[in-house]
Amino acid sequence: MFENYEEFLKDFDNILKLIFDSQKKYIKCQKGCYNCCKKGDYPFSQLEFAYITQGFIKLNENTKILVQQNIRSLMFDKKEWQKKHKDKNERFEHPCPFLINNECCVYKYRGIICRTFGVCYYDDKNGYVRLPDCVHDGLNYAQYFDPKTSILNIPDVPKINLRIDRVLSSELAQKYNLDYGEIRPMLEWLKG
């Protein structure tokens, strides 16, 4: 069922490796860093969610229990958050429920958003450069970013748009005839 998607991911990961390699002087990502997994709303397509579910199914029982506990806790936290935040445009940002002992327990099955964490890119839909949140923690691109003016002073911003909707409707995705379905925040998929 996921053969085409897995082939797409191999090609996409190769493209991302080239982008990360070209940006390595700005990137501080290293094994053990989970900054990107601590706060977000993690948009996933229906296809990506089905795929990460396969990764969840393959986990050992103890890890599954921890993930399920994380999900229940986040659902409770979201309800409490919604009581205080009536603005429907505000995002509920949270740790990823698959982050167990500061590591992704479904790393092989992670989504597009997870694969692109850490790199900046030009968002042609919104007309600006998207930076990873860790820039504000003194990590990726921080030496080249002025938070007062929001100016990133690098000459080589990747031209490829890494927004999930752009990636999943790209020529590469079309090559594999992917039907990725609707895109929603991860918790929307998890609530069923």
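Note that the structure is a prediction, hence the values are computed from the model and not measured.

S.K.: Describe unusual backbone geometry, with residues and values.
M.R.: Here asparagine 101, not a glycine, exhibits a phi torsion of approximately 55°, which is positive. Tracing the chain through its elements places asparagine 101 in the loop between strand E2 (99-100) and strand E3 (103-104). The exposure class of asparagine 101 is exposed, given its relative accessible area of 71%.

S.K.: Any details on the side chain of serine 45? Residues and values, ideally.
M.R.: With respect to the helices, strands and loops of the structure, serine 45 is situated in strand E1 (residues 43-45). For serine 45, a relative accessible area of 0% translates into the label buried. Contacts of serine 45, omitting those with residues within four sequence positions, involve Ile164, Leu168, Tyr180, Glu182, Ile183 and Trp189.

S.K.: Tell me about the side chain of asparagine 161, residues and numbers included.
M.R.: Its location among the elements puts asparagine 161 in the loop between strand E7 (151-152) and helix H5 (164-168). In terms of polar contacts, asparagine 161 uses its side chain to reach the side chain of aspartate 124, at 2.4 Å. In this structure the side chain of asparagine 161 is engaged in a polar contact, spanning 3.0 Å, whose partner is the backbone nitrogen of arginine 163. Those residues in contact with asparagine 161 that sit more than four places away from it in its chain are Tyr121, Tyr122, Asp123, Asp124, Lys125, Arg166 and Val167.

S.K.: Outline the layout of surface pockets, supporting the account with residue identities and numerical values.
M.R.: Roughly 980 Å³ of volume is contained in the largest pocket. In terms of lining, the largest pocket is formed by 35 residues, of which the most central are Arg91, Ile113, Arg130, Leu131 and Asp133. Counting residues per element, the ones that place at least two in the lining of the largest pocket are helix H4 (112-116), strand E5 (128-130) and H5. Top contributing element to the lining of the largest pocket by residue count: E5, with three residues. Its residues assigned to classes, the lining of the largest pocket shows 18 nonpolar, six polar and eleven charged. Reported here for the second largest pocket is a volume of approximately 800 Å³. Taken together, 30 residues form the lining of the second largest pocket, with Gln30, Cys33, Tyr107, Arg110 and Cys114 sitting closest to its centre. At the level of secondary structure, the elements contributing two or more residues to the lining of the second largest pocket comprise helix H1 (3-22), E3 and H4. With five residues, the top contributor of residues to the lining of the second largest pocket is H1. Class assignment of the residues belonging to the lining of the second largest pocket gives a composition of 19 nonpolar, four polar and seven charged.

So, how was this worked out
Residues numbered from 1 in each chain as written. Predicted model: local features only at pLDDT ≥ 70, side-chain atom pairs only at ≥ 80, totals over all residues. Heavy atoms only, no water. Helix = DSSP H or I, 4+ residues; strand = E, 2+ residues; numbered from the N terminus. Buried < 20%, exposed > 50% of the residue type's maximum accessible area, 1.4 Å probe, protein only. Contact = heavy atoms within 4.5 Å. Polar contact = N/O pair within 3.5 Å; in protein donor to acceptor, adjacent residues only side chain to side chain. 1 Å grid on protein atoms, 1.4 Å probe; cavity = no way out; pocket = protein on both sides within 12 Å on 5 of 7 lines; lining within 4 Å. Points joined across faces, edges and corners; volume = space filled by probe spheres on them. Nonpolar A, V, L, I, M, F, W, Y, C, P; charged D, E, K, R; others polar.

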